[in-house]
Every structure is written in structure tokens, then in C-alpha cells.
Amino acid sequence: MSPGSTEASAGPRFDLPEPDAFTRPYWDATAEGRLLIRRCGACGAAHHYPREFCPRCWSEDVTWERASGRATLYTWSVVHRNDLPPFGARVPYVAAVVDLAEGPRMMTEVVDCGAEALRIGMGLEVAFREAGEFAVPVFRVGEGVGAQA
């Protein structure tokens, strides 16, 4: 189902990915509980979101790599209103930007943690939220993970 399509009782949804031939490996991995990033063979830089070229040196010598799933919180915002289905049913939620251990910065959501407990630099680990036939990476405070110096 794509964002503009409807189900008989649910109406349109705006949280479902639309994989194509290039991003299919990424979405297949998330459905299996694995987070992938891309790494450049020319300059060594890792990047996320998945692209067919390196955004640093423009090389097309990029490959998929399994990420550790560890990240630190860079910034966040609490969303109190979102009229797009199904986000309205989730408010308030924490929209965040995290720095993956491998280097790339990623937009995501922090779950299972109140906004009052969040701190810049806090250690997080990936989790996955079901989204139709797919899974979307979200982050939560990891076991034994706290603020990092």
C-alpha cells in the first residue's frame, strides 16, 4: 500500500515506505530487524539515507553495510499535533535526529522514553516499528546505555 492508497476502514496512511528496486534491500533488512547503511569504497564515508552515490565524493562505488544499531541523540522535538494518518493517533511523539555509531546522521523517532528524560548525547539503540508489510527503524534508550561523555 502506498501513502495515497486507502484501505476500506483505515483511509490513507502516510507512514508507509515506498520501496523501489534500489531501496528494496534496505526495507527487506528492516523487516528482518537489521539496519543497513551505505559505505563508499572510494572515500570510506558511510551515509544514510540510502543513495546510489556517495554524497561526499560522488563516487558510485557504494555498498550496503549492516549498522551496529547504536546511536547518540543529536536533537529532538516533541510533536503534539499531526493531522496525517496514522500520526495523529500517536501524539505526542518524539521526532529526533540521531548520530549513528558509524557516522551518518539519521532522522527517526525516539520511543519508550518520555521527553523529560532525553538528553543530548544520550545513547540509543535501534528498534523497529511495524508499518504494513515493512518495518521502520526507531530508537530507544538501550539497556545499560546512558548519556555519553
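Quantities reported herein were computed from a predicted structural model and do not represent experimental measurements. (Residues numbered from 1 in each chain as written. Predicted model: local features only at pLDDT ≥ 70, side-chain atom pairs only at ≥ 80, totals over all residues. Heavy atoms only, no water.)

(A) Highlighting unusual backbone geometry. A cis amide bond links H48 to the next residue, Y49, at an omega of 15 degrees. When you line up the elements, Y49 lands in the loop between β2 (46-47) and β3 (62-66). Unlike most non-glycine residues, W58 shows phi in positive territory, near 70 degrees. With respect to the helices and strands, the residue W58 is situated in the loop between β2 and β3. According to the relative accessible area criterion, W58 is exposed, its value standing at 62%. At D112, a position not held by glycine, the phi torsion is positive, near 60 degrees. Locating D112 in the fold gives a position in the loop between β6 (105-110) and β7 (123-131). You can call D112 exposed: its relative accessible area is 64%. (Helix = DSSP H or I, 4+ residues; strand = E, 2+ residues; numbered from the N terminus. Buried < 20%, exposed > 50% of the residue type's maximum accessible area, 1.4 Å probe, protein only.)

(B) Structural detail: the pairing of β7. When strand β4 (residues 70-79) meets β7, the two strands line up antiparallel, connected through three bridges. Bridge pairing links T72 to G123 in β7. As paired elements, β7 and strand β8 (residues 134-141) share eight bridges and run antiparallel to each other. Counted as the bridge partner of F128 is P137 from β8. Between the end of β7 and the start of β8, which pair antiparallel, lie two residues, with G132 showing a positive phi angle near 65 degrees. (Pairing = 2+ DSSP bridges.)

(C) Examining the side chain of R38 more closely. In this structure, R38 sits in strand β1 (residues 36-40). Of the buried charged residues, R38 lacks a salt bridge, with E52 as the closest side chain of opposite charge at 6.5 Å. Not counting residues up to four positions away in its chain, the partners in contact with R38 are F22, A45, A46, H47, P50, R51, E52, V62, T63 and W64. (Lys, Arg positive; Asp, Glu negative; His and termini not counted. Salt bridge = Lys/Arg side-chain N within 4 Å of Asp/Glu carboxyl O. Contact = heavy atoms within 4.5 Å.)

(D) Region of interest: the packing of aromatic side chains. Under the defined criterion, the tally for this structure stands at six aromatic pairs. Ring pairing ties together the aromatic residues F22, Y26, W27, W64 and F134, which thus form one cluster. Looking at R51, its charged tip hangs above the ring of Y49, at a distance of 4.2 Å from the centre. Taking NZ or CZ as reference, R105 lies 3.5 Å from the ring centre of Y74, over its face. (Phe/Tyr/Trp six-rings, centres within 6.5 Å; stacked < 30°, edge-to-face > 60°. Lys NZ or Arg CZ within 6 Å of the ring centre and 35° of its normal.)

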